[in-house]
Amino acid sequence: MNIEGLIERCEEGLEYARRFGADRAEVYGEEGRKLSATIEKDDLQLSESHSETTIGVRAFVGDRVGFASTNDLSRLEEACRDAVVLAKASPGDPHNVLPEPAEIEPLDGIYDPAAEGFTEREAVAAAIRMLDLAHSIDRRLILGDAEFSAEVFGRALANTSGLKASEQGSIFTYFALATAKEGDLVSNFDFQFDASRSVSEIDVEPITRRACENALGSLGAGKGKSFNGTVILSPNAALDLLIGLVLFQTNAKNCLKGMSRWKDSLGKSVAVSSLTIVDDGRLSGGVASSSFDREGVPHRKLPLIEEGILSSHMFNSYTADATGTANTGHGSGSARSLPGIGPTNLSILPGEGTKEELIAGVKEGLFVTRFSGNTNPVSGDFSGVAKAAYLIENGRLSRPVVGTLIAGNAFDALTRISGVSEDRERIYNFTLPYLRVEGVSVTAE
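Residues numbered from 1 in each chain as written. Predicted model: local features only at pLDDT ≥ 70, side-chain atom pairs only at ≥ 80, totals over all residues. Heavy atoms only, no water.

**Q** Would you mind going over the overall build of the chain in detail, with residue names and values included?
**A** Looking only at helices and strands, the chain has nine helices and 21 strands in total. Rg of the C-alpha trace for the chain: 24 Å, near the compact-globule value of 22 Å for 445 residues, within the 12% margin. Seen along its three principal axes, the alpha-carbon backbone of the chain occupies a region of about 70 × 55 × 35 Å. Scored against the burial criterion, the 445 residues of the chain give a buried share of 52%. Counted over contacts in the chain with a minimum sequence separation of 6, partners at least 24 positions apart contribute 72%. Just so you have it, the chain exposes about 18600 Å², and 47% of that area is on carbon and sulfur atoms. Averaged over its 44 positive side-chain charges, the chain has a centre that lies 5 Å from the centre of its 63 negative ones. (Helix = DSSP H or I, 4+ residues; strand = E, 2+ residues; numbered from the N terminus. Rg over C-alpha atoms; globule rule 2.2 N^0.38 Å. Buried < 20%, exposed > 50% of the residue type's maximum accessible area, 1.4 Å probe, protein only. Contact = heavy atoms within 4.5 Å. Areas by Shrake-Rupley, 256 points an atom, 1.4 Å probe, with all protein chains shown as cover. Lys, Arg positive; Asp, Glu negative; His and termini not counted. Charge placed at Lys NZ, Arg CZ, Asp CG, Glu CD.)

**Q** An account of the pairing of strand β7 (residues 190-196) is needed here, citing residue identities and associated values.
**A** The element β7 is largely enclosed, with a buried count of six among its seven residues. Here seven bridges tie strand β5 (residues 164-182) to β7, and the two strands are oriented antiparallel to one another. Each residue of the ladder has a partner; that of alanine 176, found in β7, is glutamine 192. (Pairing = 2+ DSSP bridges.)

**Q** Which residues make up the packing of helix α3 (residues 120-137) against helix α4 (residues 205-217), and what values do they have?
**A** At a minimum axis distance of 10 Å, the contact between α3 and α4 shows a crossing angle of 40 degrees. As summarised for this structure, α3 and α4 are arranged oblique, according to the angle between their axes. For the crossing formed where α3 meets α4, the hand is right-handed. Residues Met130, Leu133, Ala134 and Ile137 of α3 form the contact with α4, whose own contacting residues are Glu205, Ile207, Thr208, Arg209, Cys212 and Leu216. For the contact of α3 with α4, the residue count by class is seven nonpolar, one polar and two charged. (Axes fitted to C-alpha atoms, helices over the stretch in contact; angles between N-to-C directions. Parallel < 35°, antiparallel > 145°, perpendicular 65-115°, else oblique. Left-handed = near helix turned anticlockwise from the far one by under 90°. Nonpolar A, V, L, I, M, F, W, Y, C, P; charged D, E, K, R; others polar.)

**Q** Account for helix α5 (residues 235-250), naming residues and giving values.
**A** The axis of α5 is deflected most strongly, by about 45 degrees, at leucine 242. Taken across its 16 residues, α5 has 14 buried, putting it largely inside the fold. (Bend = angle between axes of the 7 residues up to and from the residue.)

**Q** Describe the nonpolar core, with residues and values.
**A** If you look at the biggest cluster of nonpolar residues, it comprises 56 residues, and the most contacted ones within it are Leu233, Trp262, Leu366, Ile406 and Leu414. Among the elements that line this core, the one with the most residues is α5, at nine residues. Membership of the second largest hydrophobic core comes to 30 residues, among which are Ala115, Val204, Cys212 and Ala215. (Core = buried A, V, L, I, M, F, W, Y, C linked by side-chain atoms within 4.5 Å.)

**Q** Hey, could you go over the side chain of serine 36 for me, with residue numbers and the actual values?
**A** Within the secondary structure, serine 36 sits in strand β1 (residues 24-40). Assessed through its relative accessible area of 6%, serine 36 is described here as buried.

**Q** Requested: an account of the packing of aromatic side chains, with residues and values cited.
**A** Here the structure, examined in full by the defined rule, presents 11 aromatic pairs. Note on tryptophan 262 and phenylalanine 411: the rings are 6.0 Å apart at their centroids and 70 degrees apart in plane angle, and the pair reads as edge-to-face. One end of the pair, tryptophan 262, is in the loop between α6 (252-256) and β10 (277-280); the other, phenylalanine 411, is in helix α9 (residues 410-415), and 149 residues separate them in sequence. Judged by relative accessible area, tryptophan 262 falls into the buried class, the value being 3%. Residue phenylalanine 411 is classed as buried on the basis of its relative accessible area, which comes to 7%. Ring centres 6.2 Å apart and planes at 90 degrees place the aromatic pair phenylalanine 371 and phenylalanine 382 in the edge-to-face group. Taken together, the residues span a long stretch of sequence, with phenylalanine 371 in strand β16 (residues 364-375) and phenylalanine 382 in strand β17 (residues 381-393) at a distance of 11 residues. By relative accessible area, which is 5% here, phenylalanine 382 ends up buried. (Phe/Tyr/Trp six-rings, centres within 6.5 Å; stacked < 30°, edge-to-face > 60°.)

**Q** Can you tell me about the layout of surface pockets, naming the residues and giving the values?
**A** What the largest pocket holds in volume is close to 840 Å³. Residue lining of the largest pocket: 32 residues in total, with Tyr28, Glu30, Phe153, Arg155 and Gly333 positioned closest to the centre. At the level of secondary structure, the elements contributing two or more residues to the lining of the largest pocket comprise β1, β2 (43-61), β4 (141-159) and β13 (331-332). Of the residues forming the lining of the largest pocket, the biggest block, six residues, is contributed by β1. Of the residues assigned to the lining of the largest pocket, the class counts are seven nonpolar, 14 polar and 11 charged. (1 Å grid on protein atoms, 1.4 Å probe; cavity = no way out; pocket = protein on both sides within 12 Å on 5 of 7 lines; lining within 4 Å. Points joined across faces, edges and corners; volume = space filled by probe spheres on them.)

**Q** Which residues make up the environment of valine 57, and what values go with them?
**A** Relative to the assigned elements, valine 57 resides in strand β2. For valine 57, a relative accessible area of 0% puts it in the buried group. In this structure the C-alpha to C-alpha distance between valine 57 and aspartate 190, which are 133 residues apart in sequence, comes to 41 Å. Here valine 57 is in contact with Glu26, Val27, Gly66, Phe67, Ala68, Leu76, Cys80 and Ala83, once residues within four sequence places are set aside.

**Q** Please provide a residue-by-residue account of α4, values included.
**A** The end-to-end C-alpha distance of α4, which contains 13 residues, comes to 18 Å, matching closely the 18 Å that a straight helix rising 1.5 Å per residue would cover. Listed as buried for α4 are Ile207, Thr208, Ala211, Cys212 and Ala215. One face of α4 carries all of its buried residues, which in axial projection span an arc of 130 degrees. Contacts made by the buried residues of α4 are with α3, β4, β5 and β7. (Expected span 1.5 Å × (residues − 1). Arc of directions from axis to C-beta.)

Structure below.
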């Protein structure tokens, strides 16, 4: 990665923006090389290599802002001109601001120089290891979709307030989606994900094995039972059913628009006391770890919910200025867009007891591996199909079930969590435990 060259282009962009009439400007650049190998329908399909550099320009004329981007560096001057033209034609807003420079502490562990030499052949070999492992576990297994990718990237930012920031990173991501088939019986699929920031820590076996074992476990599923009671959500199911609502409610932009029920709830209880949710942009080994956000604001650890109490919203520069609140460093997005607001590495802290111990405390319930449905982030209402689900009877998983619907309200669910496991799993940039929730409507079709 030519990180010094990227910094120079950002500074060059500032000069262009000033020349075309910008009062203030920000130029954000990204460059990266990505290798990937893909499996589809139990067969290695393709491998590819892709490199790209993108520059995004945010120009300010008074309190008006315009944005343009390009992945053709020969057109950087044109992109800067376009951003200024768009700013002049845009409505003004006094909260269109740039962050001031702040000390950015470099973050160790996000870049492995060995990743520079990682080859397409090695990516293919990792994908083949996943395929071979699935076949060795059981010939009834099918990897319907799987991928291994390796990426090395650099990012740089400069603005007219004097802020300059840059860093390099590497990341290896891999996922497996497995099903099992025996005669006419087909299991539900199971999806598992993991990642590494260094070559030496790549390990595709745990997620492949977990996806395969979960798929095998749902073979021969039958009709379930209808009841109102206890549901245990896997990390995957918790992500789909609950986390989107938490992110929507803690997004300061949604608070400004009056769309968040939690806009005036700081310091108030929004969940059970056993629930603590933290976002940490500097998490060691985190998928989204970096030293600064999309606007050059330093990342830090931020508790969103502490022992059930809402402790913070997520802010970027615009929302921080609009509310008179400190910027939390949650400017998100790429060089292709204006900064938004989003999480970095979001975690639910571990609770007490294993997944098995959560199950052992349930006389009748449902274990949900995946949730296929919708949660309304404003009302909190959710409904959908419990995929790869199992009946719980007398403290044990008794049998897999299909055609089972679950419904309720996510706001209520956060206050009805009766158990948080100590074991957690990573799905993209989220690290989540198993959650036991009471009072959920379960309907067997």
